Amino acid sequence: MKCKQVKSSLISYLFGECPRETTPLIEKHLVKCPKCQQEMDSLVEIKEMCGQWSEQPLSSKFLQNMLLKTKPDILTPEELALYLRIPIDEIMASLENIPHIEIGKYIRFKRKSIMEWIETIEHKPLKTIEELELAWHTSENRIKNMLM
Amino acid sequence: MKESSDETLMKRFQRGDEEAFVTIMERYQQRIFNYFLRQLYNHTLSEDLTQDVFIRIFKYGQSFDCRQKFRPWLYKIALNQLRKELKLRLNDVQCNKELVTQYPSYIFIDYELVEAVKNAINQLPSAQREVVILKQYQGMTFSEIAQVLGCPEATVKSRLYQAFTKLRKKLGKYRR
């Protein structure tokens, strides 16, 4: 094999994807050709350096979260806490404000009802100048009342 | 017991076996997460996008042709999500420069080298970077990468070789 042919196959050889019949020919050439061997060595070095950048672990709750999103419909307090990303104590403390079902001593939540409830409590941005002015006056009055 | 292939699992999922979907997710969640993390450098965002990928599979899994290979199909979905996200961040150059990695303290890492590698890969043209990530870090074959990117295998190999040549220049001072 000539240098040009070998050079064009080095990347496949580096990743072990050379055709079986080509591999011994490349290896034979590398033994005899210092220039191509040097090229190969540098590619190996870069591959090894890149390999230093190792994987990061996914959070342990990922699978649980995924299952919540793909499975229906009824959530336990623990699952709801996970879903909303707030502590479970907060859920239980605010229970009277959250739509829920009581079955004996068990509390459960319907996913659909929770989504609807979230819509109602979501703070929406103010849209008009009038609404902005009203908010300003409301705040102003609140401060005045506090100072009185 | 022999592990079921991805395609077998998808067939079972298409027939209503949700456990098969969970198996697929467990098999690929870590890899897909790191696929995003290596290009977005944001842990939370990468998790969110990983979720999006699997939610799409859950919703549209019926459209997968089980006679084809699953992995390229999966990574095509991931690539589309990534490209959408990168488009949103096109003007936010600062985001792409946040290269934060947290390793557990018991693992010895040459931090300087790793940061240099990350920077060097980040600075590659996107076409070359995509190939490096899929080949070096996701372990896909050239044929699979060609399917994901919709280009010939020879193009994939050429891009990878050009990428490695550029990386060799940028990482010169770290070489033996």
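Quantities reported herein were computed from a predicted structural model and do not represent experimental measurements.

About the thresholds
- Residues numbered from 1 in each chain as written.
- Chains lettered and ligands numbered in written order.
- Predicted model: local features only at pLDDT ≥ 70, side-chain atom pairs only at ≥ 80, totals over all residues.
- Heavy atoms only, no water.
- Axes fitted to C-alpha atoms, helices over the stretch in contact; angles between N-to-C directions.
- Helix = DSSP H or I, 4+ residues; strand = E, 2+ residues; numbered from the N terminus.
- Parallel < 35°, antiparallel > 145°, perpendicular 65-115°, else oblique.
- Contact = heavy atoms within 4.5 Å.
- Nonpolar A, V, L, I, M, F, W, Y, C, P; charged D, E, K, R; others polar.
- pLDDT = per-residue confidence, 0-100.
- Buried < 20%, exposed > 50% of the residue type's maximum accessible area, 1.4 Å probe, protein only.
- Polar contact = N/O pair within 3.5 Å; in protein donor to acceptor, adjacent residues only side chain to side chain.
- Arc of directions from axis to C-beta.
- Buried area = accessible area lost by both parts, 1.4 Å probe.
- Salt bridge = Lys/Arg side-chain N within 4 Å of Asp/Glu carboxyl O.
- Core = buried A, V, L, I, M, F, W, Y, C linked by side-chain atoms within 4.5 Å.

All names here are of chain A. Their axes nearest at 10 Å, the elements helix 4 (residues 62–70) and helix 5 (residues 77–84) cross at an angle of 100°. The orientation of helix 4 relative to helix 5 falls into the category roughly perpendicular. In this structure, helix 4 contributes Q64, N65, L68 and K69 to the contact, and helix 5 contributes E79, L82 and Y83. Along the lines of polarity and charge, the residues of the contact of helix 4 with helix 5 split into three nonpolar, two polar and two charged.

In this model, chain B carries an average pLDDT of 87, and 88% of its residues clear a pLDDT of 70 or more. For this predicted complex, the interface confidence comes out at an ipTM of 0.80, alongside a pTM of 0.72.

Looking now at the side chain of R71(B). Residues and elements named next belong to chain B. Here R71 is to be found in helix 4 (residues 70–88). The class for R71 is buried, based on a relative accessible area of 16%. Here E144 takes part through its side chain, which lies 2.7 Å from a polar atom of the side chain of R71. Beyond its immediate sequence surroundings of up to four residues, R71 is in contact with Y28, R31, Q138, G139, M140, T141 and E144.

On to helix 7 (residues 111–121) of chain A. All names here are of chain A. Residues of helix 7 that are buried include every one of R111, I114 and W117, and no others. Take helix 7 and look down its axis: the buried residues cluster within an arc of 120°, on one side only. Every exposed residue of helix 7 that faces more than 90 degrees away from the buried side is listed here: K112, E119 and T120. Buried residues belonging to helix 7 abut helix 4, strand 1 (74–75), helix 5 and strand 3 (106–110).

Residues and elements named next belong to chain B. Checked against the element boundaries, A120 lands in helix 6 (residues 111–122). Since its relative accessible area comes to 2%, A120 is described here as buried. Beyond its immediate stretch of four places on either side in the chain, A120 contacts L167, K170 and L171.

How big an interface is tends to be stated in terms of the accessible area lost upon association of its parts. Facing 46 residues of chain B, the contacting portion of chain A comprises 33 residues. Each partner contributes to the roughly 4,000 Å² buried at the junction of chain B and chain A, and carbon and sulfur atoms together form 62% of this total. Ranking the residues of chain B by area buried against chain A places Q51(B), Y161(B) and F164(B) at the top, with a combined share of 17%. Along the contact surface separating chain B from chain A lie two salt bridges. If you look at where chain B meets chain A, you find 14 residue pairs in polar contact (both at pLDDT 80 or more). The leading source of residues in the side of chain B that touches chain A is helix 2 (residues 18–40) of chain B, at twelve residues. Of the residues assigned to the side of chain B that touches chain A, the class counts are 24 nonpolar, ten polar and twelve charged.

In this structure, I57(B) and I121(B) are the most contacted members of the largest nonpolar core, which totals 76 residues. The element contributing the most residues to this core is helix 2 of chain B, with eleven residues. In contact with I57(B), other than residues within four places in its own chain, are M10(B), F13(B), F21(B), F70(B), W73(B), L74(B) and I77(B). Within the second largest apolar cluster, twelve residues are counted, among which are L82(A), L95(A), I98(A) and W117(A).

Okay, the confidence of the model for chain A next. Looking at chain A as a whole, the pLDDT averages 86, with 95% of positions reaching at least 70. Mean pLDDT in chain A bottoms out at helix 8 (residues 129–147) of chain A, which sits at 73, and peaks at helix 3 (residues 34–51) of chain A, which reaches 94.

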